[in-house]
Amino acid sequence: MLAFTAHSANDVGMQTQFEITTSGPGLYEFTAQVAAWAKGTGLLTLFVRHTSASLLIQENADPEVQDDLQNYFARLVPRSTDPSMAYLTHTYEGPDDMPAHIKAALLPTHLSIPVTDGQLALGTWQGIYLFEHRERPHQRQVVAHFA
């Protein structure tokens, strides 16, 4: 589920916030919603307001790419209950919390995308994704600035 707040214009551009409902780990595409909002020519900046989620520009043609990315990062940074993660001390928010922070530290939390005549300058197979790293559902906010 995706919603966004009303945008406002000022001397330096427009801003809005996209609300993305997640149902667990995975990539949640919101390209169409961003494209519908960003009109004109300028630079679009997206920023996720959380320390356990990331933003990616990634292939949107084959869902296996998203599955493989999710599986790779789950293997690279397993839950804190995995013996290889026994060194972690921040565990009181659940076995997926500190690994989610590590994944967010490795992946981008902001993106910059050129927009020309109301068109995102993405490649043919590129989409904009929120990468949820936590296991339980969340309401994530992505702030957009267009100038």
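Our subject is the structure listed above.
Residues numbered from 1 in each chain as written. Predicted model: local features only at pLDDT ≥ 70, side-chain atom pairs only at ≥ 80, totals over all residues. Heavy atoms only, no water.

**Q** Could you give an account of the packing of aromatic side chains, naming the residues involved and the relevant values?
**A** Remark: the centre distance and the inter-plane angle together describe each pair of aromatic rings, the angle taken between the planes. This structure, assessed with the given rule, holds five aromatic pairs. Ring centres of W37 and F146 lie 6.5 Å apart, and the angle between their planes is 70°; on these two criteria the pair is classed as edge-to-face. On the criterion of sequence distance, the pair formed by W37 in helix α1 (residues 31-37) and F146 in strand β10 (residues 138-146) is long-range, its members being 109 residues apart. Owing to a relative accessible area of 5%, W37 belongs among the buried residues under this scheme. (Phe/Tyr/Trp six-rings, centres within 6.5 Å; stacked < 30°, edge-to-face > 60°. Helix = DSSP H or I, 4+ residues; strand = E, 2+ residues; numbered from the N terminus. Buried < 20%, exposed > 50% of the residue type's maximum accessible area, 1.4 Å probe, protein only.)

**Q** Mind laying out the pairing of strand β3 (residues 13-22), listing which residues take part and the relevant values?
**A** Among the 10 residues of β3, eight are classified as buried, and the element is accordingly described as predominantly covered. Two elements, β3 and β10, share nine bridges in a ladder whose sense is antiparallel. Bridging across to β10, I20 finds its partner in R140. (Pairing = 2+ DSSP bridges.)

**Q** Describe in detail a nonpolar patch on the surface, supporting the description with residues and values.
**A** A contiguous nonpolar patch, built from Y72, L76 and L106 and spanning about 310 Å² of accessible area, is present on the exposed surface. With respect to the helices, strands and loops of the structure, Y72 is situated in helix α2 (residues 63-76). Look at Y72 and you get partly exposed, because its relative accessible area is 48%. (Patch = residues over 30% accessible without salt bridge, like charges linked within 9 Å, V, L, I, M, F, W, Y side chains within 5 Å. Areas by Shrake-Rupley, 256 points an atom, 1.4 Å probe, with all protein chains shown as cover. Salt bridge = Lys/Arg side-chain N within 4 Å of Asp/Glu carboxyl O.)

**Q** Could you give me a rundown of the pattern of salt bridges, with the residues and numbers involved?
**A** What the rule picks out here adds up to four salt bridges. The shortest N-O distance in the salt bridge between R79 and E135 comes to 2.7 Å. With a gap of 56 residues between them, R79 in the loop between α2 and α3 (97-106) and E135 in the loop between β9 (126-132) and β10 connect regions that are remote in the sequence. Residue class for R79 comes out partly exposed when judged on its relative accessible area of 36%. Of the residues examined, E135 reaches a relative accessible area of 36% and is grouped as partly exposed. What you see here is one network of salt bridges that share partners, running through D96, D97 and R134.

**Q** Any chance you could break down α2 for me, citing the residues and the numbers?
**A** Residues separated by three or four positions in an α-helix point in the same direction, a consequence of the helix having 3.6 residues per turn. The terminal C-alpha atoms of α2, which comprises 14 residues, lie 20 Å apart, in line with the 20 Å expected from a rise of 1.5 Å per residue. Of the residues flanking the start of α2, the one acting as N-cap is D62, its side-chain oxygen 3.0 Å from the backbone nitrogen of E64. (Expected span 1.5 Å × (residues − 1). Polar contact = N/O pair within 3.5 Å; in protein donor to acceptor, adjacent residues only side chain to side chain.)

**Q** Please provide a residue-by-residue account of the side chain of Q141, values included.
**A** Considering the arrangement of structural elements, one finds Q141 in strand β10. Take Q141: its relative accessible area is 16%, and that puts it in the buried class. Within the local environment of Q141, its side chain forms a polar contact with the side chain of E19, the two groups lying 3.1 Å apart. Within the structure, the side chain of Q141 is placed 3.3 Å from the backbone oxygen of Q139, a separation counted as a polar contact. Ignoring sequence-local partners within four residues, the contact set of Q141 consists of Q17, F18, E19, F47, V48, R49 and H50. (Contact = heavy atoms within 4.5 Å.)

These figures capture arrangement, not role.
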